[in-house]
Amino acid sequence: MIDNMSRNTYGKSVPVWEKYMLTVDEAVQYFGIGEKKIRTLISENMGTDYCFTVQIGNKSLINRHKFEDFLNQTTSI
């Protein structure tokens, strides 16, 4: 049986600005950076102190807060 809280949130999507992890497509829309550039940044920063992604199979999920911190420390991309 589904409790009241689960019933109210089931099937509703979370706005992108409230999500903890973003897909590459969501990050493109949210940050206004091209897909190719985001994928390049992911590959360049994989395994570094600035890593902001989690790999799930072939899929990269971007930690929104870490990526925001990364962008705040960067002068150009």
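To start, this report covers the structure provided alongside it.

Cut-off values and rules
The residue numbers shown here count from 1 along each chain, following its written sequence. Confidence filtering applies because this is a predicted model: local features only for residues at pLDDT of at least 70, side-chain atom pairs given and counted only at 80 or more, and all residues used for totals across whole chains, interfaces and linings. Side-chain metrics rest on all non-hydrogen atoms present in the structure, leaving aside hydrogens and water. We count a stretch as a helix when DSSP gives it H or I for four or more residues in a row; a strand needs E for two or more, and each element gets its number in order from the N terminus. Only protein chains enter the accessibility calculation, which uses a 1.4 Å probe; a residue whose area is less than 20% of its type maximum is buried, one above 50% is exposed, and one in between is partly exposed. Residue contacts are counted whenever heavy atoms from the two residues lie within 4.5 Å of one another. A pairing counts as a salt bridge when a side-chain nitrogen of Lys or Arg comes within 4 Å of a carboxyl oxygen of Asp or Glu. Definition used in this section: a nonpolar core is a set of buried Ala, Val, Leu, Ile, Met, Phe, Trp, Tyr and Cys residues joined via side-chain atoms within 4.5 Å. Axis definition: a line fitted to C-alpha atoms, over the contacting stretch in the case of helices. Angles run 0 to 180 degrees between N-to-C directions. Any angle that falls under 35 degrees is termed roughly parallel, while one over 145 is termed roughly antiparallel, one within 65 to 115 roughly perpendicular, and all others oblique. If you view the pair so one helix is near and one far, a crossing is left-handed when the near helix is turned anticlockwise from the far one by less than a right angle, and right-handed when it is turned clockwise. Aromatic rings from Phe, Tyr and Trp, with only the six-membered ring used for Trp, were paired whenever their centres fell within 6.5 Å, and each pair was classed as stacked if the ring planes differed by under 30 degrees, edge-to-face if by over 60, and tilted otherwise.

**Some thoughts on the overall build of the chain**
Helices and strands together make up the secondary structure of the chain, namely 4 helices and 3 strands. In the chain, the order of α-helices and β-strands from amino to carboxyl end is α-β-α-α-β-β-α. Among the 77 residues that make up the chain, the fraction classed as buried is 25%. Excluding contacts between residues fewer than 6 apart, the proportion of contacts in the chain whose partners are at least 24 apart in sequence is 48%.

**Concerning the pattern of salt bridges**
This structure, assessed with the given rule, holds 3 salt bridges. E35 is the partner of R39 in a salt bridge, and the nearest nitrogen-oxygen pair spans 3.0 Å. Pair noted here: R39 and E35 are both in helix α3 (residues 35-45), with a separation of 4 residues, about one helical turn. Its relative accessible area of 41% is what places R39 among the partly exposed residues.

**What to know about the nonpolar core**
Side chains of a nonpolar character, in soluble globular proteins, are inclined to be buried together. Residues L22, V24, A27, F31, I33, I38, L41, I42, F52, I62, F67 and F70 constitute the largest nonpolar core, which totals 12 residues. Once residues lying within four places of it in the same chain are set aside, the contact partners of F31 are L22, R64, F67, E68 and L71.

**Describing the packing of helix α2 (residues 24-31) against α3**
In a pair of packed helices, the angle between the axes and the distance between the axes together describe the arrangement. Between α2 and α3, the shortest axis-to-axis distance is 9 Å and the interhelical angle comes to 115°. Of the possible angle classes, the one that applies to α2 and α3 is roughly perpendicular. Here α2 runs over α3; the crossing is right-handed. In this structure, α2 contributes V24, D25, A27 and V28 to the contact, and α3 contributes E35, I38, R39 and I42.

**Remarks on the packing of aromatic side chains**
Inspection of every chain in the model, using the stated rule, returns 6 aromatic pairs. Judged by centre distance (4.6 Å) and plane angle (55°), the rings of F52 and F67 are tilted. Pair noted here: F52 is in the loop between α3 and β2 (53-56) and F67 is in helix α4 (residues 64-73), with a separation of 15 residues, a long-range link. According to the relative accessible area criterion, F52 is buried, its value standing at 2%. With 5.2 Å between their ring centres and 45° between their planes, F52 and F70 make a pair best called tilted. In this pair, F52 sits in the loop between α3 and β2 while F70 sits in helix α4, placing the two residues 18 residues apart along the sequence. An identical accessibility class is assigned to F52 and F70; each is buried. An aromatic cluster is built from Y30, F31, Y50, F52, F67 and F70, whose rings are joined through pairwise contacts.

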